[in-house]
Amino acid sequence: MGELTDKAKAAANKAAGSVKESVGRNQADPDLEAEGKAQKAKGTAQNIKGSIKGALGDDI
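All chains use their own residue numbering, which begins from 1 and follows the written sequence. In view of the model being predicted, local features appear only for residues whose pLDDT reaches at least 70, and side-chain atom pairs are presented and counted only at 80 or more, with totals across whole chains, interfaces and linings using the full set of residues. Heavy atoms from the whole structure form the basis of all side-chain values; hydrogens and water molecules are not counted.

## Considering the side chain of Gln-39
We count a stretch as a helix when DSSP gives it H or I for four or more residues in a row; a strand needs E for two or more, and each element gets its number in order from the N terminus. Summarising the element assignment, Gln-39 is placed in helix α2 (residues 30-56). Under the scheme applied here, a residue whose accessible area is under 20% of the maximum for its type counts as buried, over 50% as exposed, and between as partly exposed, the area being computed with a 1.4 Å probe on protein chains only. The class for Gln-39 is buried, based on a relative accessible area of 17%. Contact definition: two residues touch when any of their heavy atoms are within 4.5 Å. Every residue in contact with Gln-39, bar those within four places of it in the chain, is listed here: Asn-13, Ala-16, Gly-17 and Lys-20.

Now the structure itself:
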């Protein structure tokens, strides 16, 4: 996967995670809220991965 692909997936995961977190908080569903937080963290990690690929090249 290239830098752009990683960053696009990161943005999607962060957005979906934010929605899940908000819905979980509003519906008093701690499991859904935690799932949203985890998905946002996954998106952050993917974004970092994409940034590293951009700096070092896609061959890593």
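## Digging into a nonpolar patch on the surface
Patches here: salt-bridge-free residues with over 30% relative accessible area, like charges joined within 9 Å, nonpolar side chains (Val, Leu, Ile, Met, Phe, Trp, Tyr) joined within 5 Å. Calculation of accessible area relied on Shrake-Rupley with a 1.4 Å probe; when residues are assessed, cover is drawn exclusively from the protein chains displayed. Salt bridge, as used here, is a side-chain nitrogen of Lys or Arg placed within 4 Å of a carboxyl oxygen of Asp or Glu. Together, Ile-48, Ile-52 and Leu-56 line one region of the surface with nonpolar side chains, adding up to about 290 Å² of accessible area. Within the secondary structure layout, Ile-52 lies in helix α2.

## Thoughts on the pattern of salt bridges
The final tally for this structure, using the stated rule, is seven salt bridges. Linking Asp-6 and Lys-53 is a salt bridge whose minimum nitrogen-to-oxygen distance equals 3.1 Å. With Asp-6 in helix α1 (residues 3-26) and Lys-53 in helix α2, this residue pair connects regions lying 47 residues apart in the sequence. With relative accessibility at 2%, the residue Asp-6 sits in the buried group. Residue Lys-53 is classed as buried on the basis of its relative accessible area, which comes to 6%.

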